[in-house]
Amino acid sequence: MPRAKKPDNTVEAEVEEASQPPETPKSQIELPHSLSVRQLADLLQVSAVDIIKQLMRKDIMANINQAIDYDIASEVATSLNFETRLRPRTAKGAASAISEIRKRRKLQVEEAGNLQPRPPVVTVMGHVDHGKTRLLDAIRQTDVMATEAGAITQHIGAYQVKVDEQKITFLDTPGHEAFTAMRAHGAQITDIIILVVAADDGIMPQTVEAINHARAAEVPIIVALNKIDKPEADQDRVKQQLAEAGLVIEEWGGDIVCVPISAKEKIGIQELLENLLVVAEVEELKANPAGPASGVVVEAEMDRNRGPLATILVNSGTLKPADTVVVGGTWGRVRAMFNDLGKQVKKAGPATPVEIMGLDSVPQAGDILTAVASEQQAQSMLEKHRRGEEEGTSVSSRVVSLHDLYDKISSGQVKGLNVILKADVQGSIEPIRSSLELLSTNEVQVRIIHSGTGNVSESDVMLATASHGLIIGFGVGTDEGARRQASTEGIDIRHYDVIYNVVDDVEKALKGLLEPELVEVIEGHAEVRAIFSAIKGVQVAGIYVLDGKVSRNSSVRVRRGEEVISDTTVSSLRRFKDDVREVATGYECGISVKDFDNFQVGDLLEFYRIDKAA
């Protein structure tokens, strides 16, 4: 008897079951309560673009720095074959705030021996109305040293307080511009930054700038959430804004310490100071107090009665009265030193701020102080300083342009490309940022350290100088002051109107394929004083060279009033009856140009050449 056939659907089911590949085991991963798209991509080891695509499928439009909560992050991770679990909230403390920031400050002494713990140096930043000054005042008032009978507090730009017998040095700078200006001079003097954010106002453009400047300096940030006493304070809203700006606080599973305070009511000040000390302990800040002092100028002024005064933050060694010091382009013998209470002191060790008298002239903020053995050594250092200025040796030699980027990468001088991005509208920033950051390789990281709308400003140039970066302007111009400053500092400013061209140029620069940029060099100007007819009806202009020089075969524009009526090249150049190669300022000559014979007396000639950018 023939065997009965199985139903067709059963056969199909068996075939389908047999054809299924074995299920890939899911990777397990722990996610915090909140994190940015960029952080999620790093944790999952996938491209940020892949994360953004998954979010778009869920009708969530998010940029690379936007914060998402655990539920959404878990859905994305699950769709990418990850099994997730919620990371427990960490105990509040400051140790994790700098778990990934272990770099020593550049001015920290690195001698092999005699290193001793030193106080942390703290800078307070934030929006102008968010309570920075009131917080600094509240900190000083909590310090016993500042309330001693008869103590006269004077403003010297820096001061120390004691917390549990440990000192903390505070720099009272006007804002992130001053902080960055000191970095531009090569002075890396801040260990920790307190970012003051008002709980009733939230993140402002100046707050974002301060965050970007702090990140560019690779300095740990502690958030002081101020004005919590006000009825309209909304701490959760501000914490969400901080997360969107890339600062995910510990309470939400991040690594940024956030301390709620009221500078006005003196609430939370002690907790803030204690967190500062924990950060300092983790950083293991040390310096060598022995030997000649070195330091940096915090601020300086000319006093009518006491002469040039400079507030010095000592970095290593110990500064004493009668020391001979060189400070930038000036020098002197320290006649007296005063602390921020106005008291005369006999010595100042590492991370100690003092005001000194005795300099020959007023130095600049950011200038480096070096104690030397003799006046002869001081004069020798000053001579080297002067020669360096004459030769143009400055921080500009350390900046990067797209043209020399590949060479600096190849030689190991550059590990990352820092970019300041300015655009016409906010909507242009994120696609440019995402596209540029995706160009990062194992050899070099492309980092947008600051972005914003509007023209390129002097503050942007200052940040580029301090960070050895370049500036990209998209659909914007450059302020005149910023243009002059960029020229002085050697900062590369690139202007674009098409996103593709931005990405293409940076990609080519990273690969060493970028074509040299052509720049116009003005060689000189001349005025037409007379008109002559030569052989074959060719018109010759008798000209007087006003400045620069005139060269045969150079390009020339003929200007009549505000209008350029011809742009051509020199075809002949004669003095008297002789052909000449060039004519210098203050001399007369005869000139004819290619394809133009309509000169008029009074026309201005502008001579130029096109060179490859250096």
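Residues numbered from 1 in each chain as written. Predicted model: local features only at pLDDT ≥ 70, side-chain atom pairs only at ≥ 80, totals over all residues. Heavy atoms only, no water.

A. Fine view of the confidence of the model for the protein. Here the protein averages 80 in pLDDT, and 81% of its residues register 70 or above. For residues 1-22, every residue scores under 50 in pLDDT, and the model assigns this stretch 2 contacts once sequence neighbours within four places are set aside. Counting contacts from residues 89-112, a segment whose pLDDT is below 50, to residues more than four positions away or on other chains yields 63 contacts. (pLDDT = per-residue confidence, 0-100. Contact = heavy atoms within 4.5 Å.)

B. Representation of the sheet that holds strand β21 (residues 470-474) within the structure. Within the open sheet, the 4 strands sit side by side as β20-β19-β21-β22. Their pairing is parallel. The strands lining the two open edges of the sheet, one partner per strand, are β20 (445-453) and β22 (493-496). Each neighbouring strand pair of the sheet contributes to a mean axis angle of 25°, computed without reference to strand direction. Pairing between strand β19 (residues 416-423) and β21: 5 bridges, direction parallel. The partner of Ile 420 across the bridge, within β21, is Ile 471. Where helix α12 (residues 426-437) meets the sheet, its contacts fall on β19, β20 and β21, and the angle it forms with β20 comes to roughly 175°. (Pairing = 2+ DSSP bridges. Helix = DSSP H or I, 4+ residues; strand = E, 2+ residues; numbered from the N terminus. Axes fitted to C-alpha atoms, helices over the stretch in contact; angles between N-to-C directions.)

C. Seen up close, the pairing of strand β29 (residues 588-593). In terms of burial, β29 is largely enclosed, as 5 of its 6 residues are buried. Pairing between strand β24 (residues 539-551) and β29: 4 bridges, direction antiparallel. Note on β29: the bridge partner recorded for Ile 543 is Cys 589. Strand direction decides the pairing type here: strand β26 (residues 563-575) and β29, joined by 4 bridges, are antiparallel. What sits directly across from Leu 573, in β29, is Ile 591. (Buried < 20%, exposed > 50% of the residue type's maximum accessible area, 1.4 Å probe, protein only.)

D. Expanded view of the packing of α12 against helix α15 (residues 499-511). Where α12 meets α15, the axes come as close as 10 Å, and the angle between the chain directions of the two elements is 25°. When the interaxial angle is binned, α12 and α15 end up roughly parallel. The two elements α12 and α15 meet at a crossing, and its hand is right-handed. Taking contact as the criterion, the partners of Pro 431, Ile 432, Ser 435 and Leu 436 in α12 are, on α15, Ile 499, Val 502, Val 503 and Val 506. Its residues assigned to classes, the contact of α12 with α15 shows 7 nonpolar, 1 polar and no charged. (Parallel < 35°, antiparallel > 145°, perpendicular 65-115°, else oblique. Left-handed = near helix turned anticlockwise from the far one by under 90°. Nonpolar A, V, L, I, M, F, W, Y, C, P; charged D, E, K, R; others polar.)

E. Structural view of the sheet that holds strand β16 (residues 330-338). In space, the 6 strands of this closed barrel follow the order β13-β14-β17-β16-β15-β18, with antiparallel pairing throughout. For this sheet, the mean angle separating the axes of adjacent strands, direction not counted, is 45°. Pairing of strand β13 (residues 294-303) with strand β18 (residues 368-372) involves 3 bridges; the strand directions are antiparallel. Across the sheet, residue Ser 294 finds its bridge partner in β18, namely Thr 370.

F. Structural detail: helix α7 (residues 205-216). Over its 12 residues, α7 runs 17 Å from end to end, which matches the ideal 16 Å to within 8%, given 1.5 Å per residue. Every buried residue of α7 is listed here: Thr 207, Ala 210, Ile 211, Asn 212, His 213, Ala 214 and Ala 216. Directly after α7, the chain includes Glu 218, whose backbone phi takes a positive value near 55°. (Expected span 1.5 Å × (residues − 1).)

G. The pairing of β19, seen in detail. Most of β19 is tucked away, with 8 of its 8 residues classed as buried. Residues of β19 alternate between two faces, with Gly 416, Asn 418, Ile 420 and Lys 422 on one and Leu 417, Val 419, Leu 421 and Ala 423 on the opposite face, all of them buried. As judged from the 8 bridges shared by β19 and β20, these two strands associate in the parallel manner. By the bridge assignment, Asn 418 is partnered in β20 with Arg 447. Viewed along the sheet, the connection from β19 through α12 into β20 turns out right-handed. (Right-handed = clockwise from strand over helix to strand, strands pointing away.)

H. Representation of helix α8 (residues 235-244) within the structure. Burial in α8 covers these residues: Val 238, Lys 239, Leu 242 and Ala 243. Looking straight down α8, one finds its buried side chains confined to an arc of 145°; they lie on one side. Turning to α8, the residues buried within the fold contact β3 (67-69), β9 (192-198) and β10 (221-226). One or two steps after α8, the chain reaches Gly 246, where phi turns positive at roughly 95°. (Arc of directions from axis to C-beta.)

I. Structural view of the environment of Gly 475. Note on placement: Gly 475 falls in the loop between β21 and α14 (480-489). The exposure class assigned to Gly 475 is partly exposed, which follows from its relative accessible area of 36%. In this structure, Gly 475 is in contact with Asp 424, Tyr 496 and Asp 497, ignoring residues within four places of it in sequence.

J. Quick peek at unusual backbone geometry. The phi torsion at Phe 576 lies on the positive side, around 55°, for a residue other than glycine. Taking relative accessible area as the criterion, Phe 576 reaches 75% and is therefore assigned exposed. Even without a glycine there, the phi angle at Asp 595 is positive, about 60°. In this structure Asp 595 comes out as exposed when scored by relative accessible area, which is 73%.

K. Local environment of the side chain of Thr 478. Within the secondary structure layout, Thr 478 lies in the loop between β21 and α14. Judged by relative accessible area, which is 10%, Thr 478 ranks as buried. A polar contact of 2.8 Å, which involves the side chain of Thr 478, links it to the side chain of His 495. With residues near it in sequence (within four places) discarded, Thr 478 still touches Asn 455, Val 456, Arg 483, Ile 493 and His 495. (Polar contact = N/O pair within 3.5 Å; in protein donor to acceptor, adjacent residues only side chain to side chain.)

L. Representation of the packing of aromatic side chains. On inspection of all chains with the given rule, the structure shows 2 aromatic pairs. Ring geometry for Tyr 159 versus Phe 170: centroids 5.9 Å apart, planes at 25°, classification stacked. Linking Tyr 159 in strand β7 (residues 158-163) with Phe 170 in strand β8 (residues 166-171), this pair joins segments that are 11 residues apart in sequence. An angle of 85° between the planes, with centres 5.2 Å apart, marks the rings of Phe 596 and Phe 599 as edge-to-face. On the accessibility criterion, Phe 596 (13% relative accessible area) is buried. The class for Phe 599 is buried, based on a relative accessible area of 4%. Arg 557 extends its terminal NZ or CZ atom over the ring of Tyr 608, reaching a point 4.1 Å from the ring centre. (Phe/Tyr/Trp six-rings, centres within 6.5 Å; stacked < 30°, edge-to-face > 60°. Lys NZ or Arg CZ within 6 Å of the ring centre and 35° of its normal.)

M. Region of interest: the pattern of salt bridges. For the structure on display, the rule yields 22 salt bridges. Between Arg 483 and Glu 480 there is a salt bridge whose closest N-O contact spans 3.8 Å. Of this pair, Arg 483 and Glu 480 are both found in helix α14, 3 residues apart, which corresponds to roughly one turn of the helix. Among the charged side chains, a salt-bridge network with shared partners connects Arg 557, Arg 559, Asp 567 and Glu 606. (Salt bridge = Lys/Arg side-chain N within 4 Å of Asp/Glu carboxyl O.)

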